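Examining the three-dimensional arrangement
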Amino acid sequence: MGALQDRDGRRRRLATGRGGGGDVTPEEEWGTQLLKHLTSTGIALAEARELAGDALAEAAAAGIDPRAMYGPAVAYASTVAQAVRSATATAAPLSRTRGPVVLRLHGVSKRYRRRRVLKNVHLSLRAGEVAAIVGANGSGKSTLLNICAGLTRATSGVVERTARVGYAPQQDGVAPLLTPEEHFRLFGAVHRMGRKKAAAIGTGLASRLGWRPREGVVVAHLSGGTQQKLNVVLSELNRPELILLDEPYQGFDQGSYVDFWDQVFRWRDGGAGILVVTHMLHDLDRVDHVLELQPVEEP
Ligand SMILES: Nc1ncnc2c1ncn2[C@@H]1O[C@H](COP(=O)(O)OP(=O)(O)OP(=O)(O)O)[C@@H](O)[C@H]1O
């Protein structure tokens, strides 16, 4: 047996694959497999141990079997390895400059009729930064993003945002009966872009997410993940200074997920501020701010 130490300092055993006494739990076996696959991708043993330990600890903290939370160890190892590589490749130098504040929330609260959904939320996001919003279902993440986008009015508090904002909502961001190119033209027109330019920019941005839109195919006939790529592309069509993304990679495969984060870091290094709603715990290590929303207890 080997051993990993999780974030709470507990020791978690890893099976070595030989001998081992037969009392290895499925979770420990998954951790061992993850460790093995991580090292086989070239990640150093110490870092692989830490990554595997983090994964097990996060699953244990969430009370979820790691196999259900992350999928097969080999697939998760590949995701982690790619993320580590891209994070290393795109990691900003320590001197990374932050620009002006592009979004400021001060004491933001929201009620729907008598029901309070958000209470006293504060956030300051600068150009060149990424912030994540996390929280349980119903804790108000989408509501907050709608408020940031100016689509929903806060009941109280101050919301200040930069002028050029891109928004990929969780639902209804795309029209089922239009083609991607028609979306590019439509959204381009809103930003006073010519049809050709909008189509060219949209297609170029799509390629960064590993997607080449096919002519004449309406959105309703695209996969869920591809529809979501369109949603993301539309949010960045006008080179916004603030990008709001509500669980943007639902349905993405592993490669698309990695491409997506590469794209986030490109936006960030290009001077945008990015606010992303996520349920992926391992995303949180690479962002500058984490805003955790708690469900509001009172009526
Ligand atoms: N337009 C609305 N009118 C009334 N209640 C609403 C409205 N929009 C959202 N709510 C309620 O506000 C609460 C927060 O919803 P919201 O969608 O913001 O949460 P969330 O954290 O994004 O949830 P999830 O993780 O499931 O996406 C929920 O109880 C929801 O039912």
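Parameters and conventions
- Within each chain, residues carry numbers counting from 1 in the order of the written sequence.
- Side-chain atom pairs in this predicted model are given and counted only at pLDDT of 80 or more, local residue features only at pLDDT of at least 70, and totals for whole chains, interfaces and linings cover all residues.
- Whether two strands pair depends on DSSP finding at least two bridges between them.
- The numbering of helices and of strands both runs from the N terminus, where a helix is a DSSP run of H or I of at least 4 residues and a strand a run of E of at least 2.
- To get an axis, fit a line to the C-alpha atoms, keeping to the stretch in contact for a helix; angles then go from 0 to 180 degrees between the N-to-C directions.
- Defined on buried residues, the nonpolar core groups Ala, Val, Leu, Ile, Met, Phe, Trp, Tyr and Cys residues joined through C-beta atoms within 7 Å.
- Between the buried cut of 20 or more and the exposed cut of 12 or fewer other C-beta atoms within 10 Å of a residue's own C-beta lies the partly exposed class, and all C-beta atoms are placed from the backbone.
- Picture the helix axis, draw a direction to every C-beta atom, and the arc is the one those directions span.
- Once C-beta atoms have been placed from the backbone, residue pairs whose C-beta atoms lie within 7 Å are recorded as contacts.
- If an angle is under 35 degrees, it is roughly parallel; if it is over 145, roughly antiparallel; if it lies from 65 to 115, roughly perpendicular; otherwise it is oblique.
- Each helix crossing is assigned a hand: it is left-handed if the near helix lies turned anticlockwise from the far helix by less than a right angle, otherwise right-handed if that turn is clockwise.
- We call Asp, Glu, Lys and Arg charged. Ala, Val, Leu, Ile, Met, Phe, Trp, Tyr, Cys and Pro are nonpolar, and the rest, Gly among them, are polar.

Strand order in the open sheet formed by five strands is β7-β8-β9-β5-β10, with parallel pairing between adjacent strands. In this open sheet, the two edge strands, each paired with only one partner strand, are β7 (165-168) and β10 (289-293). When the angles between neighbouring strand axes are averaged without regard to direction, this sheet yields 15 degrees. Alignment of strand β5 (residues 130-135) against β10, held across five bridges, turns out to be parallel. Across the sheet, residue I133 finds its bridge partner in β10, namely L291.

A word on the nonpolar core. If you look at the biggest cluster of nonpolar residues, it comprises 45 residues, and the most contacted ones within it are L144, C148, L244, L245, I274 and L275. Broken down by element, this core gets its largest block of residues, five residues, from helix α5 (residues 141-149). If you look at the next biggest cluster of nonpolar residues, it comprises 18 residues, including A55, A57, A73 and A77.

Further remarks concern the sheet that holds strand β4 (residues 115-126). The pairing of strands in a sheet comes from backbone hydrogen bonds and takes either a parallel or an antiparallel form. Judged by pairing direction, the sheet is antiparallel, and its three strands sit side by side in the order β4-β3-β6 without closing on themselves. Edge positions in the sheet fall to β4 and β6 (156-161), since each has one partner strand and no second. Taking the axes of each pair of neighbouring strands and ignoring which way they run, one obtains an average angle of 15 degrees across the sheet. Alignment of strand β3 (residues 101-112) against β4, held across eight bridges, turns out to be antiparallel. Looking at the pairing, R104 lines up with S124 of β4.

Among all positions in helix α6 (residues 180-190), only P180, H183, F184 and G188 are buried. Looking straight down α6, one finds its buried side chains confined to an arc of 125 degrees; they lie on one side. Exposed residues pointing more than 90 degrees away from the buried face of α6 are listed as A189 and V190. Lining the buried residues of α6 we find α7 (195-208) and α8 (224-235). Two residues or fewer past α6, R192 is found with a positive phi of approximately 60 degrees.

Glancing now at unusual backbone geometry. Excluding glycine, a negative phi dihedral is what most residues carry, and trans is how most peptide bonds are arranged. One non-glycine residue, N120, adopts positive backbone phi at about 55 degrees. By secondary structure assignment, the location of N120 is in strand β4. For N120, a count of 12 C-beta atoms within 10 Å translates into the label exposed. One non-glycine residue with positive phi stands out, namely R192, at about 60 degrees. Positionally, R192 belongs in the loop between α6 and α7.

Take the environment of V130 next. Along the chain, V130 turns up in strand β5. For V130, a count of 22 C-beta atoms within 10 Å corresponds to the buried category. When neighbours within four sequence positions are excluded, V130 is seen to be in contact with V264, R268, I274, V276, V287 and D288.

In contact at an axis separation of 8 Å, α6 and α7 are set at 120 degrees when each is read in the N-to-C sense. Taken together, the axes of α6 and α7 lie oblique to each other. As for how α6 packs across α7, the hand of that crossing is right-handed. Taking contact as the criterion, the partners of P180, E181, F184, R185, F187 and G188 in α6 are, on α7, R195, K197, A198, A199 and G202. Class assignment of the residues belonging to the contact of α6 with α7 gives a composition of five nonpolar, two polar and four charged.

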